[in-house]
Amino acid sequence: MTEWEKAQAGFLYDANYDSDLIDMRTKCADLCYEFNMCRPSDVTKQQEVLHKLFGQIKGNVVVTAPFYCDYGVNISVGENFYTNHNVTILDGAKVTFGDNVFIAPDCVFSTAGHPIDTEQRNLGLEIALPITVGDNVWIGTNVSVLPGVTIGSNVVIGAGSVVNRNIPDGVIAAGNPCRVIRKITEEDKKKYPIYNLKSL
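Here's what I pulled together on the structure shown here. Note that the structure is predicted; figures quoted are calculated from it, not measured.

With that settled, consider the packing of helix α2 (residues 19–36) against helix α3 (residues 43–53). Relative to each other, α2 and α3 sit at 165°, their axes nearing to 9 Å. In terms of axis orientation, α2 runs roughly antiparallel to α3. Between α2 and α3 lies a crossing whose hand is left-handed. Contacts between α2 and α3 pair C28, L31, C32, E34 and F35 from the former with K45, Q46, V49, L50, K52 and L53 from the latter. Considered class by class, the residues forming the contact of α2 with α3 number seven nonpolar, one polar and three charged.

Written as structure tokens, this is what we have:
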């Protein structure tokens, strides 16, 4: 079993000294560099690089530079995906985003974890656990999503949260550690003033 295969299966794997993984991360870093150096107006070039970088893109995607990831191939995004500035995805394992996911600046999605045992950690071993984000999710600024977490659909994650456990559908959740604050209801449609939006 290769180190990459170990990572995908959820075993400890050599993340720091395996030459194949180093090569994969170097290729990904080059693509991130190429993306981040694109002129903001050169949307065609940005899309071209993102389609090389991500494992799967379902539809329209907007990523605002700078953006960073480890491998890229483990990232899957749905329709109408958006990230603001300075989002980092450490995708040693799969990171899957549904449709209509909006991510604010300075967020981190980390599938990577390190052993508690000192000897294992010093050998360069890591664990990678997948992250899944459902449809219609808004993630506030400076949120950290940790390994193995699933965030349901129709969810808002408050700014500054550390998401270290699964979050169910249809809620607002926030805090460190992130916890459910309340359900989202029809009353939330009245929170902000609306002027002449016929679709609502």
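With that settled, consider the sheet that holds strand β14 (residues 137–139). One open sheet accounts for seven strands, arranged β3-β6-β9-β14-β17-β19-β20; its pairing is mixed. In this open sheet, the two edge strands, each paired with only one partner strand, are β3 (61–63) and β20 (179–183). In this sheet, neighbouring strand axes are inclined to one another by 10° on average, regardless of whether the strands run parallel or antiparallel. As defined by bridge partners, strand β19 (residues 171–174) adjoins β20 across four bridges and the pair is classed as antiparallel. Within the sheet, the bridge partner assigned to A174 lies in β20 and is R179.

Okay, the environment of G98 next. Here G98 is to be found in the loop between β8 (95–97) and β9 (101–103). On the basis of relative accessible area, G98 is assigned to the buried category, the value being 14%. Each C-alpha atom, one on G98 and one on V133, is 6.0 Å from the other, the two residues being 35 residues apart in sequence. The contacts of G98, once residues within four sequence positions are left out, are G78, E79, V133, G134 and D135.

Further remarks concern the layout of surface pockets. Put simply, the largest pocket is a space of about 780 Å³. If you trace the largest pocket, you find 20 residues lining it, with W138, V156, I184, D188 and Y192 closest to the centre. Taken together, the elements giving at least two residues each to the lining of the largest pocket come down to β14 and β17 (155–157). Here the residues of the lining of the largest pocket are counted per class, giving 11 nonpolar, four polar and five charged.

This part is about the packing of aromatic side chains. Evaluation of the coordinates by the stated rule reveals four aromatic pairs. Centroid distance W4 to Y71: 5.1 Å. Interplanar angle 65°. Geometry classified as edge-to-face. Note that W4 is positioned in helix α1 (residues 3–9) and Y71 in the loop between β4 (67–69) and β5 (75–77), a separation of 67 residues in sequence. Residue Y71 is classed as buried on the basis of its relative accessible area, which comes to 7%. Taking 5.0 Å as the distance between ring centres and 50° as the angle between the ring planes, the aromatic pair formed by F81 and F97 counts as tilted. Residue F81 is located in strand β6 (residues 81–83), and its partner F97 is located in strand β8; the two are separated by 16 residues in the primary sequence. An aromatic cluster is present here, built from F81, F97 and F109 joined pairwise through their rings.

What counts, and where the lines are drawn
Residues numbered from 1 in each chain as written. Predicted model: local features only at pLDDT ≥ 70, side-chain atom pairs only at ≥ 80, totals over all residues. Heavy atoms only, no water. Axes fitted to C-alpha atoms, helices over the stretch in contact; angles between N-to-C directions. Helix = DSSP H or I, 4+ residues; strand = E, 2+ residues; numbered from the N terminus. Parallel < 35°, antiparallel > 145°, perpendicular 65-115°, else oblique. Left-handed = near helix turned anticlockwise from the far one by under 90°. Contact = heavy atoms within 4.5 Å. Nonpolar A, V, L, I, M, F, W, Y, C, P; charged D, E, K, R; others polar. Pairing = 2+ DSSP bridges. Buried < 20%, exposed > 50% of the residue type's maximum accessible area, 1.4 Å probe, protein only. 1 Å grid on protein atoms, 1.4 Å probe; cavity = no way out; pocket = protein on both sides within 12 Å on 5 of 7 lines; lining within 4 Å. Points joined across faces, edges and corners; volume = space filled by probe spheres on them. Phe/Tyr/Trp six-rings, centres within 6.5 Å; stacked < 30°, edge-to-face > 60°.

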